[in-house]
Amino acid sequence: MKAIGAGRAAAVGDTVESRAASTRPGRALTRLRRLKWGVVALLIVLVIIASAAFAPWVAPDDPLAVDIRHRLAPPAWMDGGSPRHLLGTDQIGRDLLSRVIYGGRVSLVIGVAAVLISASVGVLLGLGGGYFGSRPDAVIMTLVNVMLSFPFVLLALAVVAVLGPSQPNMIVVLGIAGWPFYTRVVRAETLALREREFVTAGRALGMSHLRIMFGQILPNLASLIVVIATLQVAQVIILESFLSFLGLGVQPPTPAWGNMLGEGRVYMLNSWWIAAFPGLAIFITTLAINLLGNALRDWLDPHMKL
Amino acid sequence: MRRYLARQLVQLVVVVVGISMLSFALLHVVGDPVLLLLPQNAGKEEFERYRKLLGLDQPLPVQYWTFATGAVRGDFGRSWYADTPAFRLVVERMPPTLYLTLAGLCVGLLIALPLGILAALKRHSLLDTLCTMAAVAGQAMPIFWLGIMLIIVFAVQLKLLPASGYGTWRHFIMPAVTLGAFLAPITMRLVRSGVIEVMNREYIKTARAKGVAERMVVIKHAFRNACIPVITVVGLQFGQLLGGAIVTETVFAWPGVATLTVESIRNQDFPVVQCAVVLLAVIIVVVNLLVDVVVGLIDPRIRVGA
């Protein structure tokens, strides 16, 4: 589990750079080059989503079909590999490629669902805290600080262990993990927007607080929230995989990248591919999502304070 | 300075109390410990007897008070599994975790500091581009997979290093590199942007105008000031670094707190889990406080302005 904070703090670094670079004539060019990466990343993400969604048609084999005679078969290009199993087979002869394709389903569903939860909670609290200030704001920010200073892996581990490792539980736990990142950024932006003329004007016109918050301030934060949410999907996928890797997440035989990696670890002495390919799938997915998030940020607003 | 410290101390207490409540709630609100302890076919009286024995028939605030007052004295109850005090079990496993964290911190900084500074001084060079790409890839890397791939290559295939365990300096290499690879990308980006920002400041121009050698400008003027955000960020990352250490431990069977916690979760040994969570939280909060103090000492503006 990669720190969820990592993505955010690195993004802070980028802003400074893009702000400093904004006076350079080469900037337009750099921006275009970055967007090219974004397009590549978008394509990869689409391919991953499509192959997960249409897994029954894409996968060459049933991910649960046991074939003991061909157990631990190496990938096709190695000695003893067969073209029937492109990435080889696992300890009970299931086709690894099919399992990797199916495994994407769990990760993507949990990743997106958890992000929806944490974005809703985080944005609400950030808007409220930033807009109203004073006591509620202080309480919310203390909570944010508690959550951010603590390694969430540990708490997620414990909570999942008590609740039991089911997919809905994982979504809730990981969804609760992520909200402080939205809250912190949304609150800071709301604090600044609150003082702007259009808010004062709205208030003078007699708009209600709710209407100002959701009708005037929130639309200004949309691109910011989209970028954080995109980057967070990658973090949630890593966290989910880690829990499944420890056997505390998605349970076998349901194929998930994390639990495949965990099962493969036992066999890494002779059959490295069982652990290697699911991990590679996680890596490619999170990398593509991160690149997409960075490109989105550059495209929506290169000066975004993120 | 005194008021600044007082405020930080108050926050420390709030965070620790918050975490202790969370970890208490974990066991007593979310689940029923007696259900976990007793076999499923135990009779109703049996349940009641145990509930009384463990003090679970008391109202929740009373139970929390007992837990909290015990915890302050280092009494987290006895392990349900090993029948020794939970506190002793956790404290015994603390040193390996701290050594691993320190080793990972060193490796991470050894990679991040030089590369970050060089990339900042030679912006848009090949080195800079390569570093940025490596950092993006590194942030997407699930480190538990990285650890397993290191084991497969260096322990299984090349037989250079021990695959897991603890004892000699050779056991330290792969876990420290894994943890360092977790810390390095984000730290490098922050060092880079910190140095870039500082290099554009007026006092750097002044130093150059005075005729100070470029090397000295970088070392004496730029680096020192770039240190402040770096120390802050590394300090705030400490919690995440411990989170990374948790992941690393489970991959390399490192006999630290994290391995103990995962074992205890598997055994449903909740006093140990609670104790580990609270003690780690205390460590993180204390480190954050120290970082704040150090930054306050380096940078008077923070003391006054905060």
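Keep in mind it's a predicted model, so treat the numbers as computed, not measured. (Residues numbered from 1 in each chain as written. Chains lettered and ligands numbered in written order. Predicted model: local features only at pLDDT ≥ 70, side-chain atom pairs only at ≥ 80, totals over all residues. Heavy atoms only, no water.)

### A word on the overall build of chain A
Helices and strands together make up the secondary structure of chain A, namely eleven helices and zero strands. The secondary structure elements of chain A, listed N-terminal to C-terminal, are α-α-α-α-α-α-α-α-α-α-α. Here the contacts in chain A between residues at least 6 apart in sequence split such that 75% fall between residues at least 24 apart. Summed over all atoms, the accessible surface of chain A reaches about 12,800 Å², with 68% contributed by carbon and sulfur. (Helix = DSSP H or I, 4+ residues; strand = E, 2+ residues; numbered from the N terminus. Contact = heavy atoms within 4.5 Å. Areas by Shrake-Rupley, 256 points an atom, 1.4 Å probe, with all protein chains shown as cover.)

### Observations concerning the interface of chain A and chain B
The figure often quoted for interface size is the accessible area lost as the parts come together. On the chain B side, the residues contacting the 53 residues of chain A number 56 residues. Together chain A and chain B conceal approximately 5,000 Å² of surface at their shared face, both sides included; 75% is due to carbon and sulfur atoms. Linking chain A with chain B are zero salt bridges, by the criterion used here. Our count for the contact surface shared by chain A and chain B stands at four residue pairs in polar contact (both at pLDDT 80 or more). Elements supplying a minimum of two residues to the side of chain A that touches chain B: helix H1 (4–21), helix H5 (134–149), helix H6 (152–163), helix H9 (209–245), helix H10 (257–266) and helix H11 (273–300) of chain A. When residues of the side of chain A that touches chain B are assigned to their parent elements, the largest contribution, twelve residues, is made by H1(A). (Buried area = accessible area lost by both parts, 1.4 Å probe. Salt bridge = Lys/Arg side-chain N within 4 Å of Asp/Glu carboxyl O. Polar contact = N/O pair within 3.5 Å; in protein donor to acceptor, adjacent residues only side chain to side chain.)

### Re the environment of B:Leu35
Residues and elements named next belong to chain B. Considering the arrangement of structural elements, one finds Leu35 in helix H2 (residues 33–37). With a relative accessible area of 54%, Leu35 lands in the exposed category. Considering only alpha carbons, one finds Leu35 and Arg51, 16 residues apart in sequence, at a separation of 9.8 Å. (Buried < 20%, exposed > 50% of the residue type's maximum accessible area, 1.4 Å probe, protein only.)

### As for the packing of H6(A) against helix H13 (residues 270–298) of chain B
In the contact formed by H6(A) and H13(B), the axes pass within 11 Å of each other and the chain directions differ by 160°. Here H6(A) lies roughly antiparallel to H13(B), going by the angle between them. Two packed elements cross with a definite hand, and for H6(A) against H13(B) that hand is left-handed. Residues A:Leu154, A:Leu155, A:Ala158 and A:Val162 of H6(A) lie in contact with H13(B), whose contacting residues are B:Phe270, B:Val273, B:Val277 and B:Leu280. Of the residues that constitute the contact of H6(A) with H13(B), the class distribution is eight nonpolar, no polar and no charged. (Axes fitted to C-alpha atoms, helices over the stretch in contact; angles between N-to-C directions. Parallel < 35°, antiparallel > 145°, perpendicular 65-115°, else oblique. Left-handed = near helix turned anticlockwise from the far one by under 90°. Nonpolar A, V, L, I, M, F, W, Y, C, P; charged D, E, K, R; others polar.)

### Some details on the confidence of the model for chain B
Of all residues in chain B, 94% have pLDDT values of 70 or greater, and the mean over the chain is 82. This complex was scored by the predictor with a pTM of 0.84 and an ipTM of 0.82. (pLDDT = per-residue confidence, 0-100.)

### Some details on the side chain of A:Thr286
Secondary-structure assignment places A:Thr286 in helix H11. A polar atom in the side chain of A:Thr286 sits 3.1 Å from the backbone oxygen of A:Phe283. Within polar-contact distance, the side chain of A:Thr286 engages the backbone oxygen of B:Ala140 at 2.7 Å. Every residue in contact with A:Thr286, bar those within four places of it in the chain, is listed here: A:Ala234, A:Ile237, A:Ile238 and B:Ala140.

### Here we look at the environment of A:Leu64
Residues and elements named next belong to chain A. By secondary structure assignment, the location of Leu64 is in the loop between helix H3 (55–58) and helix H4 (96–132). Owing to a relative accessible area of 44%, Leu64 belongs among the partly exposed residues under this scheme. Sequence separation between Leu64 and Ala234 is 170 residues; the distance between their C-alpha atoms is 26 Å. If near-sequence neighbours (up to four positions away) are discounted, Leu64 is found in contact with Arg94, Arg99, Pro253 and Pro255.

### Side note on the nonpolar core
Of all hydrophobic cores here, the largest spans 141 residues; its most connected members are B:Val90 and B:Phe144. When residues of this core are assigned to their parent elements, the largest contribution, 17 residues, is made by H9(A). The next biggest cluster of nonpolar side chains, apart from the first, holds 15 residues, and it includes B:Val191, B:Val195, B:Val198 and B:Val218. (Core = buried A, V, L, I, M, F, W, Y, C linked by side-chain atoms within 4.5 Å.)

### Quick notes on the packing of aromatic side chains
Residues and elements named next belong to chain B. The tally for this structure, following the rule as stated, stands at 17 aromatic pairs over all chains. Ring geometry for Phe67 versus Phe76: centroids 6.2 Å apart, planes at 75°, classification edge-to-face. This pair shows no difference in class: Phe67 is buried, exactly as Phe76 is. Through successive ring pairs, a cluster of aromatic residues spans Phe24, Tyr64, Phe67, Phe76 and Phe87. (Phe/Tyr/Trp six-rings, centres within 6.5 Å; stacked < 30°, edge-to-face > 60°.)

### Concerning the pattern of salt bridges
Residues and elements named next belong to chain A. This model, assessed by the stated rule, comprises 13 salt bridges over all chains. Put simply, Asp61 and Arg84 hold a salt bridge, and the shortest N to O gap is 3.6 Å. Pair noted here: Asp61 is in the loop between H3 and H4 and Arg84 is in the loop between H3 and H4, with a separation of 23 residues, a long-range link. Taking the relative accessible area as the measure of exposure, Asp61 reaches 25% and is therefore partly exposed. Among the ionic pairs, Arg99 bridges to Asp90, the shortest N-O distance being 3.7 Å.

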